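Chain and residue survey
What follows is each chain in one-letter form.
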Amino acid sequence: MAIERTFSIIKPDATKRNLTGAINAVIEKAGLRIVAQKRVKWSNAQAEAFYGVHKERPFFKDLVSFMISGPVVVQVLEGENAVAKYRDVMGATNPANAAPGTIRKEFAESIEANSVHGSDSADNAKIEIGQNFTDAEIVG
């Protein structure tokens, strides 16, 4: 099994409810290490750039507005098969369909305010990490 990195965002709904530590406890219990982390407030331009793949989708403007509505915690996670493992730990996008014990089942408020984002592939993880961290900020 290969050690890899993935990207994580703790979204505004979760930071507003002071859930960063609780979410990180679930991440760490799953065997993933947090090798970079910072709390930031994205600008409209940063959110639009990050979610650019969804620009033509009807939910794009609402998603951008939500992601700039408060601080987010961006993170780099590391571990064996980190992308797949974190996706399992997050749970289904719709918390109603998420398995018990997953982040979204335990903490999400709705399909929109679902507390976390995680990369969907190793290639996208590299892109998303590069958009948010310099190499010097990642301490593995």
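Before going into details, it helps to say that this report is about the structure given with it. Not measured: the values here are computed from a predicted model. (Residues numbered from 1 in each chain as written. Predicted model: local features only at pLDDT ≥ 70, side-chain atom pairs only at ≥ 80, totals over all residues. Heavy atoms only, no water.)

The next thing to look at is the environment of Asp13. Along the chain, the position of Asp13 falls in helix α1 (residues 12–16). The buried category is assigned to Asp13, whose relative accessible area is 5%. In this structure the C-alpha to C-alpha distance between Asp13 and Val116, which are 103 residues apart in sequence, comes to 9.0 Å. With near-sequence residues (within four places) excluded, Asp13 lies in contact with Phe66, Glu109, Ala113, Asn114 and Ser115. (Helix = DSSP H or I, 4+ residues; strand = E, 2+ residues; numbered from the N terminus. Buried < 20%, exposed > 50% of the residue type's maximum accessible area, 1.4 Å probe, protein only. Contact = heavy atoms within 4.5 Å.)

Okay, the layout of surface pockets next. By volume, the largest pocket is sized at about 760 Å³. Every element with two or more residues in the lining of the largest pocket is listed here: α3 (44–50), α4 (60–67), α5 (82–90), β4 (116–118) and α7 (122–132). A total of 4 residues in the lining of the largest pocket trace back to one element, the largest contributor, which is α7. (1 Å grid on protein atoms, 1.4 Å probe; cavity = no way out; pocket = protein on both sides within 12 Å on 5 of 7 lines; lining within 4 Å. Points joined across faces, edges and corners; volume = space filled by probe spheres on them.)

As a further point, take the side chain of Lys11. Here Lys11 shows up in the loop between β1 (3–10) and α1. For the buried Lys11, no salt bridge is present, and the opposite-charge side chain at shortest range is Asp13, 6.3 Å distant. One polar contact links Lys11 to Asn114, side chain to side chain, over a distance of 2.8 Å. (Lys, Arg positive; Asp, Glu negative; His and termini not counted. Salt bridge = Lys/Arg side-chain N within 4 Å of Asp/Glu carboxyl O. Polar contact = N/O pair within 3.5 Å; in protein donor to acceptor, adjacent residues only side chain to side chain.)

This brings us to the pattern of salt bridges. Across all of its chains, the model carries 5 salt bridges by this definition. For the salt bridge of Glu109 with Arg17, the shortest nitrogen-to-oxygen distance reads 3.4 Å. Here Glu109, found in the loop between α6 (103–107) and β4, pairs with Arg17, found in the loop between α1 and α2 (20–29); they are 92 residues apart in sequence, far enough to count as distant. Overall, the relative accessible area of 30% leaves Arg17 in the partly exposed class. For the salt bridge of Glu78 with Arg33, the shortest nitrogen-to-oxygen distance reads 3.6 Å. Here Glu78, found in strand β3 (residues 72–80), pairs with Arg33, found in strand β2 (residues 33–40); they are 45 residues apart in sequence, far enough to count as distant. A network of salt bridges, in which partner residues are shared, links Arg5, Arg33 and Glu78.

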